[in-house]
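# Residue-level structural notes
Here's the letter readout for the chains.
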Amino acid sequence: MELFDKVKALTEIQATSGFEGSVRDYLKTRMIALGYQPEFDGLGGIFVTKTSKVANAPRIMIAAHMDEVGFMVSSIKADGTFRVVPLGGWNPLVVSGQRVTLFTRTGKKIPVVTGGLPPHLLRGTGVTPQIPAISDIVFDAGFANQEEANAYGVFPGDVIIPESETILTANQKNVISKAWD
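The residue numbering used here restarts from 1 in each chain and proceeds along that chain's sequence as written. Residue-level local features of this predicted model are given only where pLDDT is at least 70; pairs of side-chain atoms are given and counted only at 80 or more, and the full residue set underlies all totals for whole chains, interfaces and linings. Excluded from the side-chain calculations are hydrogens and water; all other atoms, namely the structure's heavy atoms, are used.

### Things to note about the packing of helix α1 (residues 2–11) against helix α2 (residues 21–33)
Where α1 contacts α2, the axes come no closer than 10 Å and their chain directions differ by 145°. Taken together, the residues of α2 that come into contact with α1 (itself represented by Lys 6, Ala 9 and Leu 10) are Val 23, Tyr 26, Leu 27 and Arg 30. The convention used is that axes are lines fitted to C-alpha atoms, helices contributing only their stretch in contact, and that angles between N-to-C directions extend from 0 to 180 degrees. Note on conventions: DSSP H or I runs of at least 4 residues are helices, E runs of at least 2 residues are strands, and numbering of each starts at the N terminus. Residue contacts are counted whenever heavy atoms from the two residues lie within 4.5 Å of one another.

Quick look at the structure:
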């Protein structure tokens, strides 16, 4: 369970493209605790070098990205709901009906749900249900209008990240998580 706990701690950190600071801080703290001196590049990457005590030891590089897919608020509608643009690749069929968290530029976290028009409401309208575009999906934090959203510090450019819990399968042999590819 020790390895699972480490995987769970790392994969449940919410950090979408361009906003990976929380993962970088976690890795930096862990690396320093293990006696390494992390280095950083100008793009936010973090690096550690471990020198082997064995002469002519093979050189190994392990590389991974710290971000996960997410969304960015592109507009706030008069009714207080948001429209977004994707950060990373998204299958629009898996976006509706999800819990996500909006991060304002001041660091406030706001719970949000996603949704769209259900197919049964389209019956009899002459409209054929189609796969929605990400821009068609409604992101709702419960604000009455755009002014209320702004009063809570929500503006276009804020990021939205999925809520996801890392779990073990029933037989405890497999980890189900986000942010692995």
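Back to the write-up after that little detour.
### Some remarks on the packing of aromatic side chains
Paired rings are identified among Phe, Tyr and Trp, the last through its six-membered ring, by centres lying within 6.5 Å, and are further divided according to the angle between planes into stacked (under 30 degrees), edge-to-face (over 60) and tilted (the rest). Counted under the stated rule, the structure contains 4 aromatic pairs. Arranged with centres 4.5 Å apart and planes meeting at 20°, the rings of Phe 71 and Trp 90 form a pair that is stacked. On the criterion of sequence distance, the pair formed by Phe 71 in strand β3 (residues 70–76) and Trp 90 in the loop between β4 (82–87) and β5 (99–103) is long-range, its members being 19 residues apart. Three or more aromatic residues joined by ring pairs form one cluster here, namely Phe 71, Trp 90 and Phe 139.

### Observations concerning unusual backbone geometry
It is generally the case that most residues other than glycine have a negative phi and that most peptide bonds are trans. Phi at Asn 56 takes a positive value of approximately 55°, unusual for a residue other than glycine. Looking at the element boundaries, Asn 56 is found in the loop between β2 (46–47) and β3. Exposure classes here rest on a 1.4 Å probe applied to the protein chains alone. A residue is buried below 20% of its type maximum, exposed above 50%, and partly exposed in between. Looking at Asn 56, the relative accessible area reads 81%, which means it is exposed.

### Observations concerning the environment of Met 61
Take Met 61: it is sitting in the loop between β2 and β3. Using a relative accessible area of 72% as the deciding quantity, one classes Met 61 as exposed. In the structure, Met 61 is positioned 12 residues away from Thr 49 in sequence and 9.2 Å away in space, judged by C-alpha atoms.

### Some remarks on the nonpolar core
Note on terminology: a nonpolar core comprises buried Ala, Val, Leu, Ile, Met, Phe, Trp, Tyr and Cys residues joined through side-chain atoms within 4.5 Å. Of all hydrophobic cores here, the largest spans 17 residues; its most connected members are Phe 71, Phe 82, Leu 102, Phe 139, Val 154 and Ile 160. Per-element accounting of this core gives the leading share, 3 residues, to β3. With sequence-adjacent residues up to four places away left out, Phe 71 is seen in contact with Val 84, Val 85, Pro 86, Leu 87, Trp 90, Val 95, Ile 134, Phe 139, Asp 158, Val 159 and Ile 160. Listed in part, the 7 residues of the second largest apolar core include Ile 13, Leu 27, Met 31 and Met 66.

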